[in-house]
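# Fold and geometry: a report
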Amino acid sequence: MTTAPVEIREPDVSEETTTDRPWMVIVWNDPVNLMSYVVYVFQKLFGYSRKKATKLMRQVHEEGRAAVSDGTREKCEADVARLHAHGLWATMEHDS
Amino acid sequence: MSPRWKRFRRGPDHTLVVSLAPAEMDLLVGLPAELRGVFDAPAGDPGAARLFPRAYLDPTEEEAEAEYEALVQPDLLRQRLDALELVTASFDRAVEAGEWREVALTPDDVGAWLGVLNDTRLVLGTRLDVTEGELTIADDDPNAAAYRIYAWLTSLQGELVEQLLG
């Protein structure tokens, strides 16, 4: 009798495992926040140009939501916290 | 006497000078106490909930949500309380300029004013269940006074943001 050869695999010690799907931060439309204020917040928090911040704001306003940043869970939680500190309604979800 | 239709103007040393009528100043002076009341509100108060929203909507992320809230919300509260202190301190520096009340705001003060104005509008707007678009307020609407305050705070914040956007 012989046994089938077994492949030894090195354990994955890197931080990103195959189960670590990227996250994205969503800002939702709400009836209180001023459009100009939302543009200001996007520029201030993410360093976006006026053009990009305005485009994202328009998307929030017209489509009800927009993805404003992405990354690891930790990074996205930090972004959500900053958006909450500025009174925006933000949540995070998996990218796919 | 020059009319103050622009409530904010650039002052020396990176300050922003705000000019308000006495009645407007009186209204603003009352806001910090109102917000403190919201922060002390019982769990489930919709105005308070709007200021401290969830990070995750996915019901399978309840553990992450609980960790987020435990970690972040005390900081959010602390930042908001600090802003109230800055705003209150700025009122104490108000000077009379003819019929107006003026305050020179540092960049930190401006950030605090922006936060207090926005937080107040969020709470008031949530309580009044405002929708987007123009508000038409009937004189006999029991919420007429609250709507008018909301509309005025909106215009004040709008002017402040315009100054900041440049």
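Parameters and conventions
- Residues numbered from 1 in each chain as written.
- Chains lettered and ligands numbered in written order.
- Predicted model: local features only at pLDDT ≥ 70, side-chain atom pairs only at ≥ 80, totals over all residues.
- Heavy atoms only, no water.
- Pairing = 2+ DSSP bridges.
- Helix = DSSP H or I, 4+ residues; strand = E, 2+ residues; numbered from the N terminus.
- Axes fitted to C-alpha atoms, helices over the stretch in contact; angles between N-to-C directions.
- Contact = heavy atoms within 4.5 Å.

Our focus in this paragraph is the sheet that holds strand β3 (residues 90-94) of chain A. Residue and element names in this part refer to chain A. Read from one edge to the other, the open sheet built from 3 strands follows the order β2-β1-β3, with strand pairing classed as antiparallel. The open sheet has two edge strands with one neighbour each: β2 (65-71) and β3. For this sheet, the mean inter-axis angle between neighbouring strands, taken without regard to orientation, is 30°. Of the strand pairs in this sheet, strand β1 (residues 23-28) and β3 are connected by 5 bridges, and their pairing is antiparallel. Bridge pairing in β3 places Met24 opposite Glu93. Contacts from helix α2 (residues 50-63) reach β1 and β2, with the element oriented near 130° to β2.

Residue and element names in this part refer to chain B. One open sheet accounts for 4 strands, arranged β1-β2-β4-β3; its pairing is antiparallel. Single-partner strands in this sheet number two, and they are β1 (8-10) and β3 (95-97). The mean angle between the axes of side-by-side strands here comes to 35°, regardless of whether they run parallel or antiparallel. Where β1 meets strand β2 (residues 16-20), 3 bridges bridge the pair, whose relative direction is antiparallel. The residue bridging Phe8 from the neighbouring strand is Val18, located in β2. Sheet strands in contact with helix α1 (residues 22-29) are β2 and β4 (100-105), and its direction is about 110° off that of β2. Along the sheet, helix α6 (residues 144-165) contacts β1 and β2; its crossing angle with β1, the most-contacted strand, is approximately 15°.

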